[in-house]
Amino acid sequence: MKPNDQRPAAATAPRDAASDIWSKRGETIEDKISQLDAEVIRYKEQIKKTRPGPAQEVVKARMKRKIRQKRVYERQRDILHNRNFGANQVSLAEEKIKASKQKKKRHNSGQSNLSFLSILFPRCCILS
C-alpha cells in the first residue's frame, strides 16, 4: 500500500457492521439478564414460602444456578461493551487523523498561495 493511499470506505464498513452486531448481542444479553433476575426473585419468594428442609435446599440450589448464569451473562455483556467501545475509539481516531491530514493539506496550500503572492507582490505591506 502506498503511503498516500487512503483506506476505502469498504474497510470501515465491517467495523460498523461488527459494532451493530455487538450492540444487538448486548441487547439480547440484557434481556436474558432481566429474565434471570425475575427468576431469582421468584425463587426467593419460593424460599420464603417453603419450610426449611430438602425442598427449600432444592430451590436454593436452583437460585444459585440462576445467579451463576446471570454473572456469566454480565461478564459477556461487559466484554461486548468493551469491544464496542474499542471499535468506536478506533473509528474516532481514524476520523481525527483524516481531519488533521485535510487540515495540513489546507495549510500547505495556503502557504504555497502566500509564497506565490509574495513573488507577485514582493514589497506589499500586507504580506510582510
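Here, every reference points to the structure presented above.
A brief report on the enclosed structure follows. Please read all numbers here as calculations on a predicted model, not as lab measurements. (Residues numbered from 1 in each chain as written. Predicted model: local features only at pLDDT ≥ 70, side-chain atom pairs only at ≥ 80, totals over all residues. Heavy atoms only, no water.)

## Thoughts on the pattern of salt bridges
It is possible for side chains bearing opposite charge to pair when their charged atoms get close. Taken as a whole, this structure holds six salt bridges when the rule is applied. For the salt bridge of Lys-70 with Asp-37, the shortest nitrogen-to-oxygen distance reads 2.6 Å. In this pair, Lys-70 sits in helix α2 (residues 54-120) while Asp-37 sits in helix α1 (residues 9-49), placing the two residues 33 residues apart along the sequence. Classification of Lys-70 as partly exposed rests on a relative accessible area of 22%. What makes Asp-37 partly exposed here is its relative accessible area of 29%. When the shortest N-O distance is used, the salt bridge between Glu-45 and Lys-48 registers 3.9 Å. Of the two residues, Glu-45 and Lys-48 are both situated in helix α1; the distance of three residues between them amounts to about one turn of the helix. Look at Glu-45 and you get partly exposed, because its relative accessible area is 39%. Note on Lys-48: relative accessible area 67%, which makes it exposed. Connected through salt bridges with shared partners, the residues Glu-30, Arg-77 and Asp-78 form a single ionic network. (Salt bridge = Lys/Arg side-chain N within 4 Å of Asp/Glu carboxyl O. Helix = DSSP H or I, 4+ residues; strand = E, 2+ residues; numbered from the N terminus. Buried < 20%, exposed > 50% of the residue type's maximum accessible area, 1.4 Å probe, protein only.)

## With respect to the nonpolar core
Formed by Val-40, Tyr-43, Ile-47, Val-59 and Met-63, the largest nonpolar core amounts to five residues. Those elements giving two or more residues to this core turn out to be α1 and α2. Considering every element that reaches this core, the biggest residue donor is α1, with three residues. Once residues lying within four places of it in the same chain are set aside, the contact partners of Val-40 are Met-63, Lys-66 and Ile-67. (Core = buried A, V, L, I, M, F, W, Y, C linked by side-chain atoms within 4.5 Å. Contact = heavy atoms within 4.5 Å.)

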